[in-house]
Amino acid sequence: MFRKTLFISLLLFPYFLFAQNNGVVTGKVTEASSGQPLEFVTLMLMKSGDQIIIKQEITDNKGQFRITGLTDGTYYLLASYMGLDNLKTSTLVISPSSKKLVKNISLSGGTKKLNEVTVTGKKLLYSNSIDRKIYNVDQDIMAKSGSASEVLQNVPLVQVDIDGNVSLRNSSATILINGKVSPIMGKNAAAALQQLPANSIERIEVITNPSAKYKPDGTGGIINIVLKKNMKRGLNGGITANSGNQDRYNASVNLNYNPGKVNVFGSYNIKHDYRLRHTTNKRQTNTGASSAISYLDEVTNSSRPFSNTATFGMEYAINDKNSLGISGNYYLRTMHKSDLTTKLIARTSGVISDYDRVRNNDEYEREVDGTFFFEHNFGKEDHNIRLEFTAAHSPEIEDNRFVNTYRVNIIPNKESRDNTLIKQTSDNQQLTVGYKNQLGDDTKLELGYDGQYNRQDLDFFGEDYDYTLKKFLTSTTKTNRFIYNENIHAFYGTLEQSWKKFGAMLGLRGEYADLKSHQLTTSIVIPNQYFKVYPTFHLSYKFSNNRQLQLNYSRRVQRPEGDDLNPFAEYTDDNNIRVGNPYLQPEIIHSVEFGYQLKNDHFSILPGIYYRYKYNGFTSIVNELNGIFITSQQNLASDRALGADVVFSANVKDKLNINFTPNVFYNQIDGSNLGYGTKRNTITWSANFNSTYTITKSTALQVNSNYRSARLTPQGKYLPSFVLNFGARQEIFKKKGSVYLTISDVFKSQRQKTQLSSIVLIQDVFTRSNSRIAYLGMSYNFGILKKKKDLTFDNTL
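Residues numbered from 1 in each chain as written. Predicted model: local features only at pLDDT ≥ 70, side-chain atom pairs only at ≥ 80, totals over all residues. Heavy atoms only, no water.

1. A closer look at unusual backbone geometry
Most peptide bonds adopt trans geometry, and most residues besides glycine take a negative phi value. A positive phi angle is found at Asn178, which is not glycine, with a value near 55 degrees. Along the chain, the position of Asn178 falls in the loop between β14 (174–177) and α3 (189–195). Despite not being glycine, Asp745 has its phi angle at roughly 50 degrees, a positive value. Within the fold, Asp745 resides in the loop between β45 (737–744) and β46 (751–757). (Helix = DSSP H or I, 4+ residues; strand = E, 2+ residues; numbered from the N terminus.)

In structure tokens form, the structure reads like this:
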């Protein structure tokens with residue numbers, strides 16, 4: 001009998017243990033006047049009768065929160081959000097008969113004061129969760145004066161090379177602006193990010209394995225840049241001005257007015273930059289038909305880009321159930337670029353060509369986009385439908401004028417001239433309809449349509465100077481026009497279900513793609529239609545509120561851009577051309593990720609293991625034909641990657657914040673379909689480090705650095721790179737303003753080395769820049785801005 005009783009007790013013990021700690025409080029936090037959900041609201045659960053914090057949570061992007069693992073007792077919540085009054089809820093009682101409580105919170109300006117309780121808080125630089133990493137740009141001192149490209153170097157798992165090209169976990173990523181596709185974030189994303197002021201960004205979200213709701217584009221995942229949109233009550237704003245070395249400067253102003261149901265917001269930024277590049281390119285060829293050729297190419301490139309960025313928007317809460325809004329963005333970048341290229345071509349018999357090639361280039365790029373949304377709430381918690389339409393127009397002009405001056409094999413006029421005029425226009429439209437329904441306490445359904453309608457018009461014009469006729473003549477080899485149409489219709493659905501500590505979200509996205517490549521000059525039309533399905537799943541197990549496991553899978557795609565498909569040659573000069581591949585297939589990726597999160601009041605650690613299998617992957621191949629180097633995009637047979645990373649954040653006595661993200665990455669490339677018989681593999685690693693030390697309550701120092709080791713290409717590899725930045729900030733005017741100093745690339749170590757080796761071609765490329773940039777700046781916030789807010793009572797049931 002004793003053994004039987006003991007056996008039954010042992011079986012029931014976990015149940016009784018769990019029953020004592022299975023209380024749950026859920027809810028949603030909204031802004032009172034607009035009814036819009038608030039993200040990053042800090043919620044502190046406290047025991048009635050004292051001020052000890054039992055648990056702490058932050059709302060997600062839907063304003064929702066969930067606090068679990070509570071014992072029976074009486075509690076209350078403290079809600080805190082910058083710009084709005086803190087709020088203390090009525091009592092919450094967890095008991096055997098009431099284990100699940102729902103508490104919705106509405107934040108606004110306060111009326112009743114509770115002066116004896118003061119809550120202070122500061123948003124963390126990193127906000128790590130199991131499915132995404134959030135980088136709060138406001139907490140980065142470098143962001144006060146730098147560009148989006150410079151700030152992205154500090155974001156966990158993100159890499160940025162010397163030319164501003166962005167990758168995520170060593171692979172391509174889809175870059176969104178406010179969750180939407182932007183034409184300037186295509187092939188010219190590097191230039192746009194270098195000119196986008198970082199102080200216009202609120203946060204950067206990194207989603208490595210998105211659900212079926214999101215676009216499946218991007219091998220490594222999604223990088224979502226969220227621009228600032230103030231929702232504070234009353235009239236508020238801020239100004240920033242920075243002056244840098246080598247005639248650099250930037251400034252910005254932002255305003256918002258929120259009298260109640262309407263919120264109007266806007267901003268304007270200017271940025272003047274100076275960029276200098278020096279590249280040494282050594283090539284050696286051996287075709288077997290001729291003797292060995294060595295090729296030396298030295299390029300000095302200087303440019304002074306100037307950009308204007310403006311945003312404007314308005315949101316209106318019609319009533320408790322309906323809201324609508326409009327917003328728009330304007331971007332303009334102009335730039336003058338000067339190049340000096342010295343070229344020397346030699347064979348064993350001697351020098352056959354030696355000349356200088358000078359380029360003067362004027363560039364112009366503009367984007368105008370607008371968004372309209374309407375949202376209807378059905379009354380039940382998290383049950384709504386939202387319609388959103390976005391249209392964007394982006395023209396770009398590149399006017400190149402070249403002069404060649406010869407020293408060997410001098411032609412009669414000792415020089416030659418040629419010009420190219422490139423006009424590219426992108427028109428993008430996106431229509432989304434999303435439906436959400438909280439079917440029960442533990443079940444959520446999302447359904448939607450995502451339509452994308454894109455058009456790229458690439459117009460190339462080339463001409464050569466005829467010294468006999470004394471005029472420029474159209475070059476038929478350099479002049480062509482190519483139009484690429486891409487229409488994608490997607491339907492998606494996700495179902496999220498939780499069972500106590502277990503959680504699962506299954507998703508399915510079906511896409512029909514209707515593509516057409518039209519080379520007008522040669523009258524070649526290549527249509528392409530296909531239907532593909534992109535399944536996703538996310539599984540989780542929560543040991544406690546501070547420890548969680550998750551396993552994710554997604555099928556992804558990377559589609560070629562218009563100029564990747566244009567079969568007409570694009571000339572850099574007579575020895576270097578780029579040719580598109582009209583039969584380039586989209587690359588398909590299978591991505592699996594396993595993660596674990598452990599956090600407490602002092603540190604957070606998020607280790608992860610990921611595996612990617614990719615086929616039809618894009619790669620650039622360089623071939624030599626009669627002394628002409630031809631670069632084209634090809635599809636690889638396969639590409640396998642296995643990696644592990646850790647996102648670590650720690651706070652030491654509220655004085656020192658440390659953020660460290662190492663990443664180890666094994667990569668195997670199979671280029672057998674391109675004539676490369678053996679598989680190539682390597683182990684690559686990178687690391688981001690960021691540390692902020694608070695000397696006093698108003699003075700802080702910051703150091704951040706990143707390192708990236710060698711990595712493979714099918715024909716060679718990139719060599720390691722390293723950069724370190726420094727910043728200092730002093731708050732003034734009762735913390736309404738600040739003065740700061742930032743220095744990028746303190747040791748001037750940022751450079752890029754590339755090696756290429758094949759049977760017929762050996763190449764070494766070395767690039768360095770004027771990357772040591774210093775800024776001295778000041779920012780000031782005005783209007784209703786409370787650093788410490790009084791608490792208001794909420795006595796509703």
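2. Overview of the pairing of strand β25 (residues 415–440)
Pairing geometry for strand β24 (residues 384–408) and β25, over 22 bridges, is antiparallel. Looking across to β25, one finds that Thr390 is bridged to Gln430. As judged from the 22 bridges shared by β25 and strand β26 (residues 443–466), these two strands associate in the antiparallel manner. Across the sheet, Leu431 pairs through a bridge with Gly451, a residue of β26. The hairpin turn running from β25 into β26, its antiparallel successor, is two residues long. (Pairing = 2+ DSSP bridges.)

3. What about a positive patch on the surface?
On the surface, Lys748, Arg751, Lys753, Arg768 and Arg772 cluster together into a positively charged patch. Take Lys753: it is sitting in strand β46. (Patch = residues over 30% accessible without salt bridge, like charges linked within 9 Å, V, L, I, M, F, W, Y side chains within 5 Å. Areas by Shrake-Rupley, 256 points an atom, 1.4 Å probe, with all protein chains shown as cover. Salt bridge = Lys/Arg side-chain N within 4 Å of Asp/Glu carboxyl O. Lys, Arg positive; Asp, Glu negative; His and termini not counted. Charge placed at Lys NZ, Arg CZ, Asp CG, Glu CD.)

4. What to know about the pattern of salt bridges
For the structure on display, the rule yields 32 salt bridges. A salt bridge links Arg169 to Glu593; the nearest nitrogen and oxygen atoms lie 3.3 Å apart. Residue Arg169 is found in the loop between β13 (166–168) and β14, and its partner Glu593 is found in strand β34 (residues 587–599); the two are separated by 424 residues along the sequence. You can call Glu593 buried: its relative accessible area is 6%. Ionic pairing is found between Lys478 and Asp418, a salt bridge with its closest N-O pair at 3.8 Å. With Lys478 in the loop between β27 (471–474) and β28 (480–499) and Asp418 in strand β25, the pair connects residues that are 60 residues apart, well separated along the chain. In this structure Lys478 comes out as buried when scored by relative accessible area, which is 10%. Sharing partners across several salt bridges, the network here consists of Lys215, Asp217, Asp450, Arg509, Glu511 and Arg559. (Buried < 20%, exposed > 50% of the residue type's maximum accessible area, 1.4 Å probe, protein only.)

5. So, the packing of aromatic side chains
One pass over the structure, following the stated rule, counts 14 aromatic pairs. Relative to Tyr615, the ring of Tyr613 lies with its centre 6.3 Å away and its plane at 45 degrees, an arrangement referred to as tilted. Judged by its relative accessible area of 27%, Tyr615 falls in the partly exposed class. An angle of 85 degrees between the planes, with centres 5.9 Å apart, marks the rings of Phe733 and Tyr780 as edge-to-face. Of this pair, Phe733 sits in the loop between β44 (721–732) and β45 while Tyr780 sits in strand β48 (residues 773–783); the two residues are 47 residues apart in sequence, bridging distant segments of the chain. Here Lys478 stacks its cationic end above the ring of Tyr571, 5.6 Å away from the centre of that ring. (Phe/Tyr/Trp six-rings, centres within 6.5 Å; stacked < 30°, edge-to-face > 60°. Lys NZ or Arg CZ within 6 Å of the ring centre and 35° of its normal.)

6. Some remarks on the environment of Asn770
Along the chain, Asn770 falls in the loop between β47 (761–769) and β48. A relative accessible area of 11% means that Asn770 is categorised as buried. The sequence separation of Asn770 and Arg751 amounts to 19 residues, and the corresponding C-alpha distance is 9.8 Å. Setting aside residues no more than four positions away along its own chain, Asn770 makes contact with Gln246, Arg248, Tyr274, Arg275 and Leu276. A distance of 2.9 Å separates a polar side-chain atom of Asn770 from the backbone nitrogen of Leu276. (Contact = heavy atoms within 4.5 Å. Polar contact = N/O pair within 3.5 Å; in protein donor to acceptor, adjacent residues only side chain to side chain.)

7. A word on a nonpolar patch on the surface
A surface patch of nonpolar side chains, amounting to about 950 Å² of accessible area, comprises Leu539, Leu551, Val592, Phe594, Ile609, Tyr611, Leu642, Val664, Tyr666, Ile683 and Trp685. When residues of the nonpolar patch are traced back to their parent elements, those giving at least two are β34, β35 (603–615), β39 (656–670) and β40 (680–696). By the element assignment, Ile609 lies in strand β35. On the basis of relative accessibility, which here comes to 47%, the residue Ile609 falls in the partly exposed class.

8. Here we look at the side chain of Ser394
Relative to the assigned elements, Ser394 resides in strand β24. At a separation of 3.0 Å, a polar atom in the side chain of Ser394 contacts the main-chain carbonyl oxygen of Arg366. Filtering out sequence-adjacent residues up to four positions away, Ser394 remains in contact with Pro183, Ile184, Arg366, Glu367, Gln424, Thr425 and Ser426.

9. Describing the side chain of Glu587
Following the sequence through the fold, Glu587 ends up in strand β34. Of the side chains bearing the opposite charge, Lys614 lies closest to the buried Glu587, which forms no salt bridge; the N-O distance is 4.1 Å. At 2.7 Å, the side chain of Glu587 forms a polar contact with the backbone nitrogen of Phe618. Those residues in contact with Glu587 that lie beyond four places of it in its chain are Ser172, Thr219, Arg556, Val557, Gln558, Lys614, Tyr615, Asn616, Gly617 and Phe618.

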